[in-house]
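# Descriptive structure summary
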Amino acid sequence: MGKTRIAVLVSGGGTNLQALIDAQNSGVLKSGEIVLVLSNNSIAYALARAENAGIEALCITKKECGSQEAFEEAMLAALKERDIDLIVLAGFMSILSGHFVKQYENRIINVHPSLIPSFCGKGFYGLKVHEAALEYGVKVTGATVHFVNEVPDGGRIIMQKAVPVLPDDTPKSLQKRVMERAEWIILPEAAELVSSLIMQDKELKS
Ligand code: GAR
């Protein structure tokens, strides 16, 4: 079998997408190839990052499709048309239904900016995660890459990396540290791990 065909789903700035592109260029991501970037937001800078890297970039919005169901069907059609083996959620801010995730069981991974099971689930996304961590007063946070199932942030954990919280942190300074020291490292590593397992037709051992 050839390389695992990867689609990266994005909604915003796409720094995690960039980390994946960089990992592909440096050889960290070698068992998989990013063949599609799919955004649910037409003004996401991630789309420009994909184009700059020569990767097909597609935008499908819920608004245009009319309903969550139609939105997911349009995404599934685009993914199937391109024979996608692995879906990487990299700052994708829409919760996928059980119907969607069942079609790619153990084939969808997500990066979340906390140490799951802390500060995760519905309503915990982007800066809100770091606001909650600071409000609680934790001294260590981090990032998690996990498989996606029908429970938001509830699928099996693949990798985690801890990051310290410093006394003067703001949500933004903490977000930056978690991205630089955790997300941008473990997302490409996990994408490589899962891509190589798919290539060998194996599942992740616990
Ligand atoms: C990242 O911190 C990612 O972990 C988070 O959104 C940010 C997207 O940044 N995702 C979630 O909160 C998902 N629950 P990016 O567009 O620069 O990669």
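The coordinates are above.
First things first, this report covers the structure right here in the doc.

Basis of the calculations
Residues numbered from 1 in each chain as written. Predicted model: local features only at pLDDT ≥ 70, side-chain atom pairs only at ≥ 80, totals over all residues. Heavy atoms only, no water. Buried < 20%, exposed > 50% of the residue type's maximum accessible area, 1.4 Å probe, protein only. Helix = DSSP H or I, 4+ residues; strand = E, 2+ residues; numbered from the N terminus. Arc of directions from axis to C-beta. Contact = heavy atoms within 4.5 Å. Axes fitted to C-alpha atoms, helices over the stretch in contact; angles between N-to-C directions. Parallel < 35°, antiparallel > 145°, perpendicular 65-115°, else oblique. Left-handed = near helix turned anticlockwise from the far one by under 90°. Nonpolar A, V, L, I, M, F, W, Y, C, P; charged D, E, K, R; others polar. 1 Å grid on protein atoms, 1.4 Å probe; cavity = no way out; pocket = protein on both sides within 12 Å on 5 of 7 lines; lining within 4 Å. Points joined across faces, edges and corners; volume = space filled by probe spheres on them. Disulfide = S-S within 2.5 Å. Salt bridge = Lys/Arg side-chain N within 4 Å of Asp/Glu carboxyl O. Near = heavy atom within 4 Å. Polar contact = N/O pair within 3.5 Å; in protein donor to acceptor, adjacent residues only side chain to side chain.

### Quick notes on helix 6 (residues 127–136)
- Taken as a whole, helix 6 has its buried residues at Val-129, His-130, Ala-132 and Ala-133. Buried residues of helix 6, seen end-on, are gathered within an arc of 160° and therefore sit on one face of the element.
- Looking at the buried side of helix 6, the elements it contacts are strand 5 (108–112) and helix 7 (171–199).

### Some remarks on the packing of helix 1 (residues 15–26) against helix 2 (residues 45–52)
- Where helix 1 meets helix 2, the closest approach of the two axes is 9 Å, and the angle between their N-to-C directions is 15°. As far as their axial angle goes, helix 2 and helix 1 are roughly parallel. Pair helix 1 / helix 2 crosses with right-handed handedness. Every residue of helix 2 that contacts helix 1 at Thr-15, Leu-17, Gln-18 and Ile-21 is listed here: Ala-46, Arg-49 and Ala-50.
- Taken together, the residues of the contact of helix 1 with helix 2 sort by class into four nonpolar, two polar and one charged.

### Digging into the layout of surface pockets
- Quantified by volume, the largest pocket comes out at close to 670 Å³.
- Around the largest pocket sit 35 residues that line it, and Gly-91, Phe-92, Met-93, Asn-110 and Tyr-125 are the ones nearest its centre.
- If you list the elements that add at least two residues to the lining of the largest pocket, you get helix 1, strand 5 and helix 7.
- Here the residues of the lining of the largest pocket sort into 15 nonpolar, 16 polar and four charged.

### Side note on the state of the cysteines
- Taken as a whole, this structure holds zero disulfides when the rule is applied.
- Just so you know, Cys-65 is unpaired, no disulfide at all, and the nearest cysteine sulfur is the one on Cys-59, 9.3 Å from it.
- What makes Cys-65 partly exposed here is its relative accessible area of 25%.

### Here's the deal with the pattern of salt bridges
- Per the counting criterion, the structure on display carries six salt bridges.
- The salt bridge partner of Glu-203 is Arg-107, with a shortest N-O separation of 3.9 Å. Taken together, the positions of Glu-203 in the segment after helix 7 and Arg-107 in the loop between helix 5 (98–102) and strand 5 put the pair 96 residues apart, joining distant regions of the chain.
- Given the relative accessible area of 48%, Glu-203 is considered partly exposed.

### As for the packing of helix 6 against helix 7
- Following both chains from N to C, one finds helix 6 and helix 7 inclined at 110°, their axes separated by 9 Å at the closest point. Classified by the angle between their axes, helix 6 and helix 7 sit roughly perpendicular to one another. Between helix 6 and helix 7 lies a crossing whose hand is right-handed. Residues Leu-127, His-130, Glu-131, Ala-133 and Leu-134 of helix 6 form the contact with helix 7, whose participating residues are Pro-171, Lys-172, Leu-174, Gln-175 and Val-178.
- Residue classes in the contact of helix 6 with helix 7 are distributed as six nonpolar, two polar and two charged.

### Side note on the site of the ligand
- Inspection of the region around the ligand gives 14 residues, with Gly-14, Thr-15, Asn-16, Gly-126 and Glu-183 positioned closest.
- Separating an oxygen atom of the ligand from a side-chain N or O atom of Asn-16 is a distance of 2.9 Å.
- Within the side chain of Glu-183, a nitrogen or oxygen atom sits 2.6 Å from an oxygen atom of the ligand.
- Looking at the shell around the ligand, the elements with two or more residues in it are helix 1, strand 5 and helix 7.
- In the shell around the ligand, the residues fall into six nonpolar, seven polar and one charged.

Honestly, that's just the spatial picture; any functional story needs more than this.
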